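Working through the structure, step by step
What follows is each chain in one-letter form.
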Amino acid sequence: MMSLTGTYKARQFNLSNLQGISDETLEMHFKLYEGYVKETNKLNEKIGEFLKGGKVDQEEFAEYSELNRRLGFEYNGMVLHEYYFDNLKTGGGTGDPTGQTGFRKAAEESFGSYDIWKAEFVGIGKMRGVGWAICYENPANGRLSNHWITLHETGNVAGFNPVLVMDVWEHAFILDYKPADRPKYIEAFFSNIDWNLVERRLHRLMAQPVAA
Ligand SMILES: [Fe+2]
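Residues numbered from 1 in each chain as written. Predicted model: local features only at pLDDT ≥ 70, side-chain atom pairs only at ≥ 80, totals over all residues. Heavy atoms only, no water.

The helix and strand inventory of the chain stands at 6 helices and 3 strands. Secondary structure of the chain in N-to-C order comes out as α-α-α-α-β-β-β-α-α. Referenced to the eigenvectors of the C-alpha coordinate spread, the extents of the chain come out at roughly 60 × 55 × 30 Å. Taken over 212 residues, the chain has a buried fraction of 46%. (Helix = DSSP H or I, 4+ residues; strand = E, 2+ residues; numbered from the N terminus. Buried < 20%, exposed > 50% of the residue type's maximum accessible area, 1.4 Å probe, protein only.)

Put into structure tokens, the structure is as follows:
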């Protein structure tokens, strides 16, 4: 079958013994993530089928449109989970970044202080609804901004660099905390952040000077 993008493979994440997020939660979460990879592949294949003759027949247009409408949901569901698992550290992290890291500096320049940045990121994570809290870096000027993403796809900023991604769908914590205890999960999330990884994400999309 023709697929527009090739086939994505579900990645394996070496994560266990997190603080306050159980291995059972992770196992369930990995399976959900694999579902997004599968659905993304399936959509790309189906859309590819429509294009086989070089055009979409008028009578197939409604179905074709519906598949394309679902594409952003499945794609972002796949990609955001990869960012999320990647920015967690097996065995647990060290809490807030210590010393004068690039992230702290960027947070201070953008928000006045790391604590104000954190208060806003945590506040966004507590918003009612199903979605994500994401700290993005604007590659044009290195400034950070925090965003609420509804579902997986509504609210992402095109071209911005996701440097810290937190899943706040209930499936991310429901085995460990009651729905009303989302703040405890957010606290657990912070104690497991891999700040070295976050550091490596910073500035990676910023324009490099071109040699004359
Ligand atoms: Fe999730």
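For the iron ion, every protein donor is listed as His29 (NE2), His81 (NE2), Asp167 (OD) and His171 (NE2), and the spread of their distances is 1.9 to 2.1 Å. Classification of the site at the iron ion as irregular follows from its 4 donor atoms and the range of 88 to 136° in their angles at the metal. The sequence pattern formed by the donor residues of the iron ion is H-x51-H-x85-D-x3-H. A relative accessible area of 0% places Asp167 in the buried class. (Donors = N, O, S within 2.8 Å, 3.2 Å for Na, K, Ca; no water. Tetrahedral: all angles 85-135°; square planar, octahedral: opposite > 155°, others 65-115°.)

Our next topic: the nonpolar core. Of all hydrophobic cores here, the largest spans 50 residues; its most connected members are Tyr84, Phe103, Trp117, Tyr185, Phe189 and Phe190. The contact partners of Phe190, leaving out residues within four places of it in the chain, are Gly95, Asp96, Tyr114, Trp117, Lys118, Phe121, Val122 and Trp195. Listed in part, the 7 residues of the second largest apolar core include Ile47, Phe50, Val56 and Leu71. (Core = buried A, V, L, I, M, F, W, Y, C linked by side-chain atoms within 4.5 Å. Contact = heavy atoms within 4.5 Å.)

What follows covers unusual backbone geometry. With phi around 55°, Leu151 is a residue other than glycine that occupies positive phi space. Here Leu151 shows up in the loop between β2 (144–150) and β3 (161–167). Note on Leu151: relative accessible area 33%, which makes it partly exposed. Positive phi outside glycine occurs at His203, with the angle close to 70°. Among the residues examined, His203 registers a relative accessible area of 41% and is labelled partly exposed.

Once that is clear, we can look at the environment of Glu39. Looking at the element boundaries, Glu39 is found in helix α1 (residues 23–50). Sequence separation of Glu39 and Tyr75 is 36 residues, and the distance between their C-alpha atoms is 8.4 Å. In contact with Glu39, other than residues within four places in its own chain, are Arg70 and Glu74.

Here the focus is the sheet that holds β3. The strand order across the open sheet formed by 3 strands is β2-β1-β3, and the pairing between neighbours is antiparallel. Strands with a single pairing partner mark the edges of an open sheet, and in this sheet they are β2 and β3. Averaged over all neighbouring strand pairs, the angle between strand axes comes to 25°, with direction disregarded. Seen against the sheet, helix α2 (residues 61–86) touches β1 (131–137) and β3 and runs at an angle of roughly 85° to β3. Sheet contacts for helix α5 (residues 182–191): β2 and β3; angle to β3, the most-contacted strand, approximately 135°. (Pairing = 2+ DSSP bridges. Axes fitted to C-alpha atoms, helices over the stretch in contact; angles between N-to-C directions.)

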